[in-house]
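# Examining the three-dimensional arrangement
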Amino acid sequence: MGTMHHFSFGWLTPTLSYLMACVGAALGLRCTLRALSATGASRRNWLLTAAAAIGSGIWTMHFVAMFGFTVDGSELRYNVALTFLSLVVAVLVTGLGVFVVGHGHGRHRGRSILLGGLTTGLGVAAMHYLGMAAVRIHGGIDYDPGTVGLSVLIAVGAATVALWAAVTIRNVVAAGGASLVMGIAVTCMHYTGMAAVHVHMEPARTALGGAAPMEFVFPLAVGLGSFLFLTSAFVALSPTVQERAAYAEATELTIEEFHPGEPAGHAAG
């Protein structure tokens, strides 16, 4: 049995990973809320952005936390194809859950939230264990089935609560609080999944295949983190449907003040 360490850099990696989970959740909630107020292509675009935010936020959280994971007597490397596949799965499956909620909002709201939460939660769990399958050490990795099941339940529960918050919470402060809670839930899911891990060391006969974390995972995590922060700024600064409607109404009133008694379209022309 190999000796593992989950906090090799102290509280740095858990803190940063929690921050990434919160940013991804906040951006995803905000974009989903924008989607529910929009129609047509605009709704689709907001849902796509929400899927990218939640999926990449959770993926970045996982691999930032993994920088603190070490095994005595072995280096760690990552299979590039499986690592990238875990990101694709995170975005696609969580995106499916978001679209279920976004298009089922209304009469079947409760059912769409439960279905979307189940789909998204399973996507989060699939991302986590695909990411772990990409890990290469001088030995093997086994899992405790009961702890794995608990981590999946946490993922489904966290995703369901997040989607419920996305369609229910309208207050910005409350949404921020929901994002902090979601960050805790996602982080707990990760470390619960890691608690299921058991490693068995083998003599190092050959060099490990794959990429070192600093060669591949770190640049990708930094890129996705930058995407989340920049997209958050864009969403925060972009006007909502209500703000655009209020602006249009104010513009019409201003035109009428300058051209009393004339239709707004005629005055503008």
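Our subject is the structure listed above.
Cut-offs used in this document
- Residues numbered from 1 in each chain as written.
- Predicted model: local features only at pLDDT ≥ 70, side-chain atom pairs only at ≥ 80, totals over all residues.
- Heavy atoms only, no water.
- Core = buried A, V, L, I, M, F, W, Y, C linked by side-chain atoms within 4.5 Å.
- Buried < 20%, exposed > 50% of the residue type's maximum accessible area, 1.4 Å probe, protein only.
- Helix = DSSP H or I, 4+ residues; strand = E, 2+ residues; numbered from the N terminus.
- Phe/Tyr/Trp six-rings, centres within 6.5 Å; stacked < 30°, edge-to-face > 60°.
- Salt bridge = Lys/Arg side-chain N within 4 Å of Asp/Glu carboxyl O.
- Contact = heavy atoms within 4.5 Å.

### Re the nonpolar core
Among the nonpolar cores identified, the biggest contains 62 residues, and Trp-59, Met-66, Tyr-78 and Val-135 are the most heavily contacted of them. Put simply, the parts of the chain that give this core at least two residues each are helix 1 (12-36), helix 2 (40-66), helix 3 (80-104), helix 4 (109-133), helix 5 (145-168), helix 6 (172-195), strand 6 (197-201) and helix 7 (217-237).

### A few points about the packing of aromatic side chains
Tallying each qualifying case throughout the model produces five aromatic pairs. With a centroid separation of 5.7 Å and an interplanar angle of 65°, the aromatic rings of Phe-63 and Tyr-78 are classed as edge-to-face. Of this pair, Phe-63 sits in helix 2 while Tyr-78 sits in strand 3 (residues 77-78); the two residues are 15 residues apart in sequence, bridging distant segments of the chain. Among the residues examined, Phe-63 registers a relative accessible area of 1% and is labelled buried. Tyr-78 sits in the buried class, given a relative accessible area of 2%. The structure contains a cluster of three or more aromatic residues connected by ring pairs, namely Phe-7, Trp-11 and Tyr-191.

### A look at the pattern of salt bridges
Pairing between side chains of opposite charge can happen when their charged atoms approach one another. Evaluated as defined, the whole model comprises one salt bridge. When the shortest N-O distance is used, the salt bridge between Glu-75 and Arg-77 registers 3.8 Å. In this structure Glu-75 comes out as partly exposed when scored by relative accessible area, which is 41%. Residue Arg-77 is classed as buried on the basis of its relative accessible area, which comes to 17%.

### A word on the environment of Val-156
When you line up the elements, Val-156 lands in helix 5. With 37 residues separating them in the primary sequence, Val-156 and Thr-119 have C-alpha atoms 7.8 Å apart. Ignoring sequence-local partners within four residues, the contact set of Val-156 consists of Gly-117, Leu-118, Gly-121 and Leu-122.

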